Amino acid sequence: MAAIFCHFSSLRSSDATSLSSLSNFGIQSLRSSGVFTPSPITFPATRRRIACQTTSSVNGNANANQKDFLHISDFNKSTILNILDRAKEVKALIKSGERTYLPFKGKTMAMIFAKPSMRTRVSFETGFFLLGGHAIYLGPDDIQMGKREGTRDVARVLSRYNDIIMARVFTHQDILDLANYATVPVINGLTDYNHPCQIMADALTIIEHVGQLEGTKVVYIGDGNNIVHSWLLLASVIPFHFVCACPKGFEPDQETVKKVQHAGVGKIEITNDPKEAVRGADVVYSDVWASMGQKEESAKRRQVFQGFQVDEELMKLAGRKAYFMHCLPAERGVEVTDGVVEAPNSIVFPQAENRMHAQNAIMLHVMGL
């Protein structure tokens, strides 16, 4: 078993965060009425593993006033926790039926999709609409960014029409170029390198169900892909224990691991033994073994990833208090069994819902609202 470790700093509760400006819209009354209780457990992404081309410095240039949301590590701990706090408040407001809080009224968002996605499109479009704005969907054939029209031209044109841009693309350099040339905030809806909005939603879900993120043990089982990179970047900002259990040859980007080690905030382990990895886990996390762009590798990957399926036996090793999470879509019977997805400790669907609430808070932050 190969493992990589880094220093685990002291922990503190994530509950000590300040109230946002939503207090003007009935937050205090919502708290007193109990709306802020955690969501009950309910039952019932397209990712591609690459070597990182370009990333932000981990925790080095964290900026609370960053215009764009490209990597979690672009922000400091306080800012990330404040965004998550804001997400809880806006979520409570929406679920209470409140419809007078419309910070995006009169604003438009351009949504660029080089990769299609149900959750990303619906969560962004619905969330922006519920807070008063109008979102414009631009599918893979509408722009053909980088082919029909250069990224820098797309960025400058859309900036003149819209107040914010969200993009879900393949190459990570595309999101960096888009942000570089845009004069409005750009949000990373997914690249081959990372998926920061997903992990912010995951962090919100863990806080709601476990009670806090700091000090928890999150164990990811599967390919060391863009989901893993975003978990690693979060561990460079928030002190928690993150373990990635993956087959040999499918480890996450080595440069990212080194940067997170250098940050010295969270405890990081990269291992090839899923059974040892899950012991004592607060959360066991899975993702598809072959993402969009890797489907021709599906048969081969199923052979290589034997022993990395999250099944009932693996969850027993994690312990009865461990929650199961999956960023979806899931191939039931492949990386996870149907029984695990449908078990009482599965929080897959509250996790999916939180995409919208976390993204609403991210948009409010980068737009300065």
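Everything below is about the structure printed above this text.
All values reported here derive from a predicted model rather than from experimental measurement.

## Quick look at the overall build of the chain
Okay, so step 1: Looking only at helices and strands, one finds 13 helices and nine strands in the chain.
Okay, so step 2: A buried classification covers 56% of the 369 residues belonging to the chain.
Okay, so step 3: A total of about 14600 Å² of accessible surface is found on the chain, and carbon and sulfur atoms cover 50% of it.

## What to know about the packing of helix 6 (residues 196-210) against helix 7 (residues 226-235)
For any two helices packed against each other, the geometry is given by the interaxial angle and the distance between the axes.
Okay, so step 1: The geometry of helix 6 relative to helix 7 is characterised by a closest axis approach of 9 Å and an angle of 60° between their N-to-C directions. On the basis of the axis angle, helix 6 is oblique to helix 7. When you trace helix 6 past helix 7, the crossing you get is right-handed. Of the residues in helix 7, those in contact with Pro196, Gln198, Ile199, Asp202, Ala203 and Ile206 of helix 6 are Ile227, Ser230, Trp231 and Leu234.
Okay, so step 2: The class makeup of the residues in the contact of helix 6 with helix 7 is seven nonpolar, two polar and one charged.

## A closer look at the pattern of salt bridges
Side chains that differ in sign of charge can pair as their charged atoms come close.
Okay, so step 1: The final tally for this structure, using the stated rule, is 15 salt bridges.
Okay, so step 2: Residue Glu331 is joined to Arg302 by a salt bridge in which the shortest nitrogen-to-oxygen separation is 3.4 Å. Of this pair, Glu331 sits in the loop between strand 9 (323-326) and helix 12 (338-341) while Arg302 sits in helix 10 (residues 298-304), placing them 29 residues apart in sequence.
Okay, so step 3: By relative accessible area, which is 40% here, Arg302 ends up partly exposed.
Okay, so step 4: For Arg332, the salt bridge is made with Asp338, and the minimal N-O distance between the two is 2.6 Å.
Okay, so step 5: For Arg332, a relative accessible area of 37% corresponds to the partly exposed category.
Okay, so step 6: Because the salt bridges share partners, they merge into one network encompassing Asp223, Glu297 and Arg301.

## Some remarks on the side chain of Gln198
Okay, so step 1: With respect to the helices and strands, Gln198 occurs in helix 6.
Okay, so step 2: Beyond its immediate sequence surroundings of up to four residues, Gln198 is in contact with Ile227, Tyr285, Cys327, Gln351 and Arg355.

## Here we look at the pairing of strand 8 (residues 283-286)
For a regular strand, the rule is simple: side chains alternate between the two faces of the sheet.
Okay, so step 1: Along strand 8, one buried face is formed by Val283 and Tyr285 and the opposite face, lined by Val284 and Ser286, is buried too.
Okay, so step 2: Pairing of strand 5 (residues 217-221) with strand 8, which is carried by four bridges, proceeds in the parallel orientation. Opposite Val219, over in strand 8, you have Val284 as the bridge partner.
Okay, so step 3: As judged from the four bridges shared by strand 8 and strand 9, these two strands associate in the parallel manner. Directly across from Tyr285, in strand 9, lies its bridge partner Met325.

Procedures and definitions
- Residues numbered from 1 in each chain as written.
- Predicted model: local features only at pLDDT ≥ 70, side-chain atom pairs only at ≥ 80, totals over all residues.
- Heavy atoms only, no water.
- Helix = DSSP H or I, 4+ residues; strand = E, 2+ residues; numbered from the N terminus.
- Buried < 20%, exposed > 50% of the residue type's maximum accessible area, 1.4 Å probe, protein only.
- Areas by Shrake-Rupley, 256 points an atom, 1.4 Å probe, with all protein chains shown as cover.
- Axes fitted to C-alpha atoms, helices over the stretch in contact; angles between N-to-C directions.
- Parallel < 35°, antiparallel > 145°, perpendicular 65-115°, else oblique.
- Left-handed = near helix turned anticlockwise from the far one by under 90°.
- Contact = heavy atoms within 4.5 Å.
- Nonpolar A, V, L, I, M, F, W, Y, C, P; charged D, E, K, R; others polar.
- Salt bridge = Lys/Arg side-chain N within 4 Å of Asp/Glu carboxyl O.
- Pairing = 2+ DSSP bridges.

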